[in-house]
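Summary of the model geometry
Each chain, letter by letter, is given below.
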Amino acid sequence: MNVLAIGRKARAALEASGGVARPLAAFPDAPYFEAAGEIVWVGSKLPARHPRAVLTAQPVARCAEVSFGALPGEAWSRTMPARVDPGVVAGACRRLVGAIDRVGAPRGFGALLAGVTPSFPLDLAAPRVRALAAAYRADDAQTVYAASRALLGLGTGLTPSGDDLAGAALFGRMLVDRSDRWRVIGARLATDACTASHAISAALLADHVAGETFESLHALADALVVDDGAAALEAARTLVALGHSSGWDMLTGFAIGVTSGVTGEVRGEG
């Protein structure tokens, strides 16, 4: 199988596995495989670059072992910006949320950014999201952990909305606060997700905590750091296109982590 592009984590995993990736027993029809104990995301039409992504020249059969030949010499990887003014980032994020109607029609937990209640069944979990925002406002890592833990596994889809939101919230908080405590509780949550959710979601949550995730989320972070409203809007539009609601769930979580609020608690401030 020819590889057109590859992420850093995927390349390391395939090098360790001798270029072999096997379907996940619990998700045989998913575009996620296992290589040397790591989850890799494989396909010819992947919607985004990611450290675990393997973009192939041909479609990949999802229920069978895949063998890759020569891997690209270059591997995609991103890290968080080194220099960040938390006030600038928070203010830029609030302005983005204030213009959420320009991003698109919200799905999943994204409804909270527009000040409305999410559709069933996420409407039942909205109080848990508000509890998470309150925990971030209080700057209480242990309460953030408990509130995040309560969201794991909630929602439909391959990656539950609660997982996407909780992971992106940590990514957002770590963008503006590099304290080790966020990494510590993030590692605990990634471990918890293995049983509260599943292995794929746990791996993606761990990537958020490591500061290496979807390209569009990194692009959004970069735009907010330099207070580039146009670039932030474009990155947000690209982000929310991911999955059925995954991108919106991540945008909502990211905004909570950066600004410590949702809906009216974010809009109109700064």
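Report follows, based on the coordinates. (Residues numbered from 1 in each chain as written. Predicted model: local features only at pLDDT ≥ 70, side-chain atom pairs only at ≥ 80, totals over all residues. Heavy atoms only, no water.)

1. What to know about helix H8 (residues 215–225)
Where burial is concerned, most of H8 is hidden: 8 out of the 11 residues are buried. Those residues of H8 lying buried are Ser216, Leu217, His218, Leu220, Ala221, Ala223, Leu224 and Val225. At its buried positions, H8 is contacted by helix H2 (86–98), helix H5 (161–176), helix H7 (199–210), helix H9 (229–240) and helix H10 (246–259). Where H8 ends, the next residue or the one after it, Asp227, has phi of about 55 degrees, a positive value. (Buried < 20%, exposed > 50% of the residue type's maximum accessible area, 1.4 Å probe, protein only. Helix = DSSP H or I, 4+ residues; strand = E, 2+ residues; numbered from the N terminus. Contact = heavy atoms within 4.5 Å.)

2. Observations concerning the layout of surface pockets
In this structure, the largest pocket occupies an estimated 710 Å³ of space. At the level of elements, strand E3 (32–35), strand E4 (38–43), H5 and H10 are the ones that each hand at least two residues to the lining of the largest pocket. Broken down by class, the residue content of the lining of the largest pocket amounts to 20 nonpolar, 13 polar and 5 charged. (1 Å grid on protein atoms, 1.4 Å probe; cavity = no way out; pocket = protein on both sides within 12 Å on 5 of 7 lines; lining within 4 Å. Points joined across faces, edges and corners; volume = space filled by probe spheres on them. Nonpolar A, V, L, I, M, F, W, Y, C, P; charged D, E, K, R; others polar.)

3. Regarding the nonpolar core
Counting residues in hydrophobic clusters, the biggest one holds 74 residues, and the most contacted among them are Val103, Leu220, Leu251 and Phe254. Non-local contacts of Val103, meaning those with residues more than four positions away in its chain, are made with Leu96, Leu233, Ala236, Arg237, Val240, Trp248 and Leu251. Core analysis: the second largest hydrophobic core is formed by 15 residues, Leu14, Val40, Val66 and Leu71 among them. (Core = buried A, V, L, I, M, F, W, Y, C linked by side-chain atoms within 4.5 Å.)

4. Let's talk about the sheet that holds E4
Ordered in space as E1-E5-E4-E3-E2-E6, the 6 strands form an open sheet in which the pairing is mixed. The outermost strands of the open sheet, each flanked by one partner alone, are strand E1 (3–6) and strand E6 (66–67). Here 4 bridges tie E3 to E4, and the two strands are oriented antiparallel to one another. Bridging from a neighbouring strand, Tyr32 pairs with Trp41 of E4. (Pairing = 2+ DSSP bridges.)

5. Considerations on the pairing of strand E5 (residues 53–56)
Bridge count for E1 against E5 is 3 bridges, and the pairing is antiparallel. Paired with Val3 across the strands is Thr56, a residue of E5. Examined bridge by bridge, E4 and E5 share 3 bridges and lie parallel to one another. Bridge pairing links Trp41 to Ala53 in E5.

6. So, empty space enclosed by the protein
If you walk through the whole model with that rule in mind, you get 1 cavity of 30 Å³ or more. Here the largest cavity defines a volume of roughly 30 Å³. In this structure, the largest cavity is lined by Asp163, Asp164, Ser201, Leu204, Leu205 and His208. Contributing elements (two or more residues each) for the lining of the largest cavity: H5 and H7. With 4 residues, the top contributor of residues to the lining of the largest cavity is H7. Partitioning the lining of the largest cavity into residue classes produces 2 nonpolar, 2 polar and 2 charged.

Limitation: the analysis is restricted to geometry and does not speak to function.
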